[in-house]
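# A closer look at the structure
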Amino acid sequence: MKVLIVDDDVVSRMMLMHMIDNTASGVFDVLEAEDGADAWAQLDAGANPALLFCDLRMPRLSGMELLARVKADARFAGLPFVLVSAAADGATMEQALSLGAAGYIVKPFDAARVAQHLQPLMRAPDEQPDATLRRLGIDATRLLLYLGGLQRQLVSAGTDLAALLATSQLDAARAHLARLCEGCRTLGLHGAAHGFDALRSAPDGAVLTRELEAAHRAVLRQTDATRHLAM
C-alpha cells in the first residue's frame, strides 16, 4: 500500500516518512514528490497511492491547486488528500475541506494526527460505491442521500455520545454506537464500522473523537466517489 508525500522541503518529507514508518512499519511504501506538479505527474502515470499528504505552499503547483485538480478527476476522486501547513489558518482549512480534503495537519507534525489518517487504511477496505449500489439495489442519487443522512448522524453523535459518557450512561452509549456501526456497515464503510464496534466494548471520549473524525473522512471519500458515478 502506497502513501504519497508532497512537499518541497526535504526535511519535512523525511520527518513524515519517519512517523509513517513508526506507526506502521512495513505496511506502507512511501513515495515522494517535490511539489504539486511532480505529484500530479506521478498520479497521472499510475502511482495509485492509498493516501496523500500534501504541503500547502509549494512552487509550480500549490497544495490547494493540486487538491482541486485531484478532486476534479474521476480517477482520483476517492483518494484521501490531507493538506499540510505551517499555519493554522481557519479560512484555509475551511476551503480545503470544502474542496474535499480528508483533513488538515499543522506543522510541526503530531504523530497522533498522522496516525489517525493511516489507521483506517490498516482496517478492512471500504466498499467501492458501485458495489454498494449493486448490493443495495439503489442508484447513485439515493446513495448520496443515505450518505448525507449518515453524515448528519455523525455530527449529532459527537454531542449526544459525549453527554451519555459524561453521565455514565454506558448502555445507552453502546446502543448509539451500535446504530452508527450498522449505518456505516450498510453503506460499505467497513473501517468506520470496525472502529465504532471496537469502541462499544470500552467507550472512551478521546477515542470517540478520533473515530468520529475518521468516519467523517470516510463519508466524504465515499460521497466524492459517488458523485462521479452520478454524473
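It should be noted that the structure appears before, not after, this text.
The following refers to the structure shown. Note that the coordinates shown come from a computational prediction; the quantities given were computed from them, not determined experimentally.

### A few points about the packing of aromatic side chains
Considering all chains together, one arrives at one aromatic pair under this definition. Plain terms: the ring middles of W40 and F76 are 5.5 Å apart, the flat faces sit at 85 degrees to each other, and that makes the pair edge-to-face. With W40 in helix 2 (residues 36-44) and F76 in the loop between helix 3 (63-71) and strand 4 (81-85), this pair connects stretches of sequence that are 36 residues apart. The same class applies to W40 as to F76, namely buried. Over the aromatic face of W40 sits the side chain of R69, whose NZ or CZ is 5.2 Å from the ring centroid.

### As for the pairing of strand 1 (residues 2-6)
Within strand 1, four of the five residues are buried, which leaves it mostly tucked inside the rest of the structure. Bridge analysis of strand 1 against strand 3 (residues 51-55) gives four bridges, and the strand direction is parallel. Note that in strand 3 the partner of I5 across the bridge is F53.

### Description of the side chain of D35
Among the secondary structure elements, D35 is positioned in the loop between strand 2 (29-33) and helix 2. Accessibility expressed as a relative area gives 4% for D35, which makes it buried. At a separation of 2.8 Å, a polar atom in the side chain of D35 contacts the side chain of R60.

### Digging into the environment of G188
Secondary-structure assignment places G188 in the loop between helix 8 (170-186) and helix 9 (190-201). Between the C-alpha atom of G188 and that of Q222, which follows or precedes it by 34 residues, the distance is 9.0 Å. Those residues within four positions of G188 in sequence are excluded, and the remaining contacts are D126, E127, T132 and R135.

### Things to note about the environment of G100
Counting through the fold element by element, G100 comes out in the loop between helix 4 (90-98) and strand 5 (103-106). Along the primary structure G100 and L220 are separated by 120 residues, whereas in three dimensions their C-alpha atoms are 6.9 Å apart. Excluding its chain neighbours within four sequence positions, the residues that come into contact with G100 are L67, K71 and D224.

### Remarks on the packing of helix 8 against helix 9
Geometrically, a packed helix pair is captured by the angle between its two axes and the distance between the axes. Packing of helix 8 against helix 9 brings their axes to within 8 Å, and their N-to-C directions diverge by 165 degrees. On the basis of the axis angle, helix 8 is roughly antiparallel to helix 9. Taken as a pair, helix 8 and helix 9 cross one another with a handedness that is left-handed. Contacts between helix 8 and helix 9 involve R174, L177, A178, L180, C181, C184 and R185 from the first element and H190, A192, A193, F196, D197, L199, R200 and S201 from the second. Classifying every residue of the contact of helix 8 with helix 9 by side-chain character gives nine nonpolar, two polar and four charged.

Each value, and the rule that gives it
Residues numbered from 1 in each chain as written. Predicted model: local features only at pLDDT ≥ 70, side-chain atom pairs only at ≥ 80, totals over all residues. Heavy atoms only, no water. Phe/Tyr/Trp six-rings, centres within 6.5 Å; stacked < 30°, edge-to-face > 60°. Helix = DSSP H or I, 4+ residues; strand = E, 2+ residues; numbered from the N terminus. Buried < 20%, exposed > 50% of the residue type's maximum accessible area, 1.4 Å probe, protein only. Lys NZ or Arg CZ within 6 Å of the ring centre and 35° of its normal. Pairing = 2+ DSSP bridges. Polar contact = N/O pair within 3.5 Å; in protein donor to acceptor, adjacent residues only side chain to side chain. Contact = heavy atoms within 4.5 Å. Axes fitted to C-alpha atoms, helices over the stretch in contact; angles between N-to-C directions. Parallel < 35°, antiparallel > 145°, perpendicular 65-115°, else oblique. Left-handed = near helix turned anticlockwise from the far one by under 90°. Nonpolar A, V, L, I, M, F, W, Y, C, P; charged D, E, K, R; others polar.

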